[in-house]
Amino acid sequence: MSINKHNIDTDGRLVVLGGGESGAGAAVLGKAKGMDVFLSDMGTIPEKYKALLDSHSIPYEEGSHTPEKILNASVVVKSPGIPPYAPMVKAIEEMGIPVLSEIEFAAGFTDSKMVCITGSNGKTTTTLLTYHILRKAGLDVGLAGNVGKSLALQVAEDPHQIYVIELSSFQLENMYKFKANIAVIMNITPDHMDRYDHKMENYVAAKFRILQNQTKDDYFVYWQDDPIIRAQIAQVQSEALHLPFGMDRQEDSAAYVEDGIVRFATPGDVWEIPRDRLSLPGLHNLYNSMAAGISASVLKIKKENIREALENFEAVEHRLEYVATIDGVRYVNDSKATNVNSTWYALESMNTPVVLILGGKDKGNDYSEIEELVKKKVKAIVCMGLHNEKLLEFFNGKVDSIADTHTLDDAIAACRKLACEGDTVLLSPCCASFDLFKSYEDRGDRFKEAVRNLSPADNK
């Protein structure tokens, strides 16, 4: 029997559930380590992943799960999109077969440093910004998790000394022995409540799994003003060095703002950068820049390199992404705002009257969080979804105008009627995209295409 550092029997049988980026990568890594590998997907496997599996002679099925081919596994790697209460997952657990995330599985085959970022909002920007800093500094770094390529595929075919990994709560659910050398929690606000039995404590516990197995030689970076994080810290034992950040200086702050200057105070290094030199505007991006700057500092990157990277980083697609100005109206794509808190940050950054597009698959949202900002900054709301009843009920009477639409074209048409020169049309939906679109990327791409196809000559 051959055992890796996470006690996975590499002479055993690996079954992968889900044929997307993480699943296909896990299958390739398992095959590279000599395991008997089978992949199963209840849906349709994208052609590029079929080609990857075929190139490694990995058998797979799609459209169903065959119990006889799955329940004889030594270990199962589950796609994060498959909930723990799915019937096949339940059957696997009843057989006593370990169920791991792709990140947990891959980490058993590498000793590289792990910089891991989670949070309800801001984690993608922070992950990409951290990766940008490290890469610009010349480090051998890979990008993985919810962005970049599968960690497992990189470990198998393109290994790096450091990985910057965006981790969702779904991925963290099935991580047990994995250790983050640097763990970052940006914030925690209600999200995916349908997945967590509508219990906030379950969601918080999933996020805090990022701290498990950390030692005194590791680092925990977090937003110091988040009450949920602060409350959970008091209940969780963590030996890692705490490096909080926020607007105001506190006794243990590793980054804060003073007189328009962002000041960093990390072990062995103190440096600063004017806030107006940061490439990304807005309060949320200030926090993203702080978290990335702290992480880079503890990795001993020169402060000159960190400053330069923070100044030249380009914004993340689908996050407050400027699209076009038509008839004097700015159109902004914030399709990545799939929860209420993310929309709060988007509205906080707006300096013009807003026509706000909301709607999609509600995940148990509480819209009261953005109520005051909506009253202050939003002149009209356009609901875009198959079921807008909850939005209409909550926001009716709180803005001058509210429209009920069920397609993208109708939503754009409503925005054109409601927006005037000097306004901003903001797609920041608060909701998941799966009622009308394949993903938030699909929603954002189609929004941008529709806007760019508008003509100033069109009549309102």
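Check the entry above for the structure.
Presented here is a report on the structure given in the accompanying data block. (Residues numbered from 1 in each chain as written. Predicted model: local features only at pLDDT ≥ 70, side-chain atom pairs only at ≥ 80, totals over all residues. Heavy atoms only, no water.)

## Quick notes on helix H1 (residues 21-32)
1) Next: Its 12 residues place the ends of H1 17 Å apart at the C-alpha level, agreeing with the 16 Å of an ideal helix rising 1.5 Å per residue.
2) Next: A large share of H1 lies buried, amounting to nine of its 12 residues.
3) Next: When H1 is considered as a whole, its buried residues turn out to be Ser-22, Gly-23, Ala-24, Gly-25, Ala-26, Ala-27, Val-28, Leu-29 and Gly-30.
4) Next: Check the buried side of H1 and you find it contacts strand E1 (13-17), strand E2 (36-41), helix H2 (47-55), strand E4 (75-78), helix H5 (102-107) and helix H7 (151-157).
5) Next: Immediately downstream of H1, the backbone of Gly-34 shows phi near 90°, a positive value. (Helix = DSSP H or I, 4+ residues; strand = E, 2+ residues; numbered from the N terminus. Expected span 1.5 Å × (residues − 1). Buried < 20%, exposed > 50% of the residue type's maximum accessible area, 1.4 Å probe, protein only. Contact = heavy atoms within 4.5 Å.)

## Side note on the sheet that holds strand E20 (residues 424-427)
1) Next: What the six strands build is an open sheet, ordered E15-E16-E20-E17-E18-E19; its pairing is mixed. Strands at the two margins of the open sheet, each flanked by one partner only, are strand E15 (321-326) and strand E19 (401-405). Recorded for the sheet is a direction-independent mean angle of 20° between the axes of neighbouring strands.
2) Next: Contacting strand E17 (354-358), strand E18 (378-384) and E20, helix H13 (residues 340-348) runs over the sheet at an angle of about 165° to E17.
3) Next: The strands that helix H16 (residues 408-418) touches are E15, strand E16 (329-333), E17, E18, E19 and E20; relative to E18, the one it contacts most, it runs at about 165°. (Pairing = 2+ DSSP bridges. Axes fitted to C-alpha atoms, helices over the stretch in contact; angles between N-to-C directions.)

## Here's the deal with empty space enclosed by the protein
It is a probe the size of a water molecule, rolled over the atoms, that shows where empty space is left.
1) Next: Scanning the entire structure with this criterion turns up one cavity of 30 Å³ or more.
2) Next: Volume-wise, the largest cavity comes out at about 30 Å³.
3) Next: As for the largest cavity, its lining consists of Leu-172, Met-175, Phe-178, Lys-179, Ala-180, Arg-209, Ile-210 and Gln-212.
4) Next: In terms of residue class, the lining of the largest cavity is made up of five nonpolar, one polar and two charged. (1 Å grid on protein atoms, 1.4 Å probe; cavity = no way out; pocket = protein on both sides within 12 Å on 5 of 7 lines; lining within 4 Å. Points joined across faces, edges and corners; volume = space filled by probe spheres on them. Nonpolar A, V, L, I, M, F, W, Y, C, P; charged D, E, K, R; others polar.)

## Concerning the pattern of salt bridges
1) Next: All told, the structure shown has 19 salt bridges when counted by the stated rule.
2) Next: With a closest N to O distance of 3.2 Å, Glu-371 and Lys-375 form a salt bridge. Linking Glu-371 with Lys-375, this pair stays in helix H14 (residues 371-377), spanning four residues, or about one helical turn.
3) Next: What makes Glu-371 buried here is its relative accessible area of 17%.
4) Next: Since its relative accessible area comes to 44%, Lys-375 is described here as partly exposed. (Salt bridge = Lys/Arg side-chain N within 4 Å of Asp/Glu carboxyl O.)

## Description of the packing of helix H6 (residues 123-136) against helix H12 (residues 303-312)
Geometrically, a packed helix pair is captured by the angle between its two axes and the distance between the axes.
1) Next: At their nearest, the axes of H6 and H12 sit 9 Å apart, and the two run at 135° to each other. With respect to each other, H6 and H12 are oriented oblique. Along this stretch, H6 crosses H12, giving a crossing that reads as right-handed. Residues Leu-129, His-132 and Ile-133 of H6 touch H12, and the partners they reach there are Ile-306, Ala-309, Leu-310 and Asn-312. (Parallel < 35°, antiparallel > 145°, perpendicular 65-115°, else oblique. Left-handed = near helix turned anticlockwise from the far one by under 90°.)

## A short note on the nonpolar core
1) Next: Core analysis: the largest hydrophobic core is formed by 51 residues, its most contacted members being Phe-105, Leu-151, Ile-165, Phe-178 and Phe-208.
2) Next: It is H1 that contributes the most residues to this core, five residues altogether.
3) Next: Ignoring sequence-local partners within four residues, the contact set of Ile-165 consists of Ile-103, Met-114, Val-115, Cys-116, Ile-117, Thr-127, Ala-144, Gly-145, Leu-151 and Phe-178. (Core = buried A, V, L, I, M, F, W, Y, C linked by side-chain atoms within 4.5 Å.)

## What about the sheet that holds E1?
1) Next: Here we have five strands laid out as an open sheet, ordered E3-E2-E1-E4-E5, and parallel in their pairing. The open sheet has two edge strands, strand E3 (60-62) and strand E5 (99-100), and neither has a second partner.
2) Next: Both E2 and E3 contribute to a ladder of three bridges, which runs parallel. Its bridge partner being in E3, Leu-39 is matched across the sheet by Tyr-60.

Purely geometric stuff here, so don't read any function into it on its own.
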